[in-house]
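Structure at a glance
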Amino acid sequence: MKITRDEARRIADLARIEMDGAALDRMAAEVTKILTYIDQLSEVDVEGFEERVGGEATPMRDDTPHAPLDRDLVERNAPAWADGFFVVPKVIGGE
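Residues numbered from 1 in each chain as written. Predicted model: local features only at pLDDT ≥ 70, side-chain atom pairs only at ≥ 80, totals over all residues. Heavy atoms only, no water.

A short note on the overall build of the chain
What counts, and what does not: Numbering of helices and strands starts at the N terminus; helices are DSSP runs of H or I of at least 4 residues and strands are runs of E of at least 2. For the radius of gyration, the atoms used are the C-alpha atoms, and the globule rule reads 2.2 Å times the number of residues raised to 0.38.
Helix and strand content of the chain: 3 helices and 2 strands. Along the chain, from the amino end to the carboxyl end, the secondary structure elements read α-α-α-β-β. Expected size for 95 residues packed as a compact globule is a radius of gyration near 12 Å; at 24 Å, the chain overshoots this value by more than 25%. Its C-alpha atoms give the chain principal-axis dimensions of roughly 55 × 50 × 25 Å.

Thoughts on the packing of aromatic side chains
Inclusion rule: Here a Phe, Tyr or Trp ring, Trp counted by its six-membered ring, pairs with any other such ring whose centre lies within 6.5 Å, and the pair is stacked when the planes are under 30 degrees apart, edge-to-face when over 60, and tilted otherwise.
Using the criterion set out here, one finds 1 aromatic pair in the structure. On the basis of an interplanar angle of 85° and a centroid distance of 5.0 Å, the ring pair of W81 and F86 is categorised as edge-to-face.

Observations regarding the pattern of salt bridges
Our working rule: In what follows, salt bridge is the name for a side-chain nitrogen of Lys or Arg lying within 4 Å of a carboxyl oxygen of Asp or Glu.
By the definition in use, this model includes 1 salt bridge. Across the pair D25 and R5 runs a salt bridge, and its minimum N-O distance is 3.5 Å. Placement of the pair is D25 in helix α2 (residues 21-40) and R5 in helix α1 (residues 5-14), with a sequence separation of 20 residues.

Some thoughts on the side chain of T32
What counts is decided by this rule: We call a residue buried when its accessible area falls under 20% of the maximum for its residue type, exposed when it is over 50%, and partly exposed in between, using a 1.4 Å probe and counting protein chains only. In this description, contact between two residues means that some pair of their heavy atoms is separated by no more than 4.5 Å.
For T32, the position within the fold is in helix α2. The class of T32 is buried, set by a relative accessible area of 15%. The contacts of T32, once residues within four sequence positions are left out, are M1, K2 and I3.

Quick notes on unusual backbone geometry
Phi angles above zero are rare outside glycine, and R16 is one such case at about 55°. One can find R16 in the loop between α1 and α2. Notably, D83 is not glycine yet its phi reads approximately 55°, a positive angle. Secondary-structure assignment places D83 in the loop between β1 (81-82) and β2 (85-86).

Okay, here's the thing in structure tokens:
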């Protein structure tokens with residue numbers, strides 16, 4: 001499936017992304033490549049594979065206890081740490 005420049009512009013407009021002509025051409029080419037790879041999936045021989053029924057539960061691994069992480073190691077690798085907690089930027093109600 002080939003994506004035209006006009007289709008790329010429509011996608012960019014829907015995503016509210018401003019793109020110049022060169023970027024639209026590049027996007028159209030890249031999306032065309034992606035869709036071509038997806039189209040190739042229909043050519044894959046899936047004979048002998050069972051179709052997964054939607055209602056089946058996903059197999060889970062056993063829930064086995066293990067040793068906790070070394071807090072000193074965690075603290076040394078944390079970008080910011082205070083009083084035993086990770087320090088993260090305030091994102092809700094930040095000033």
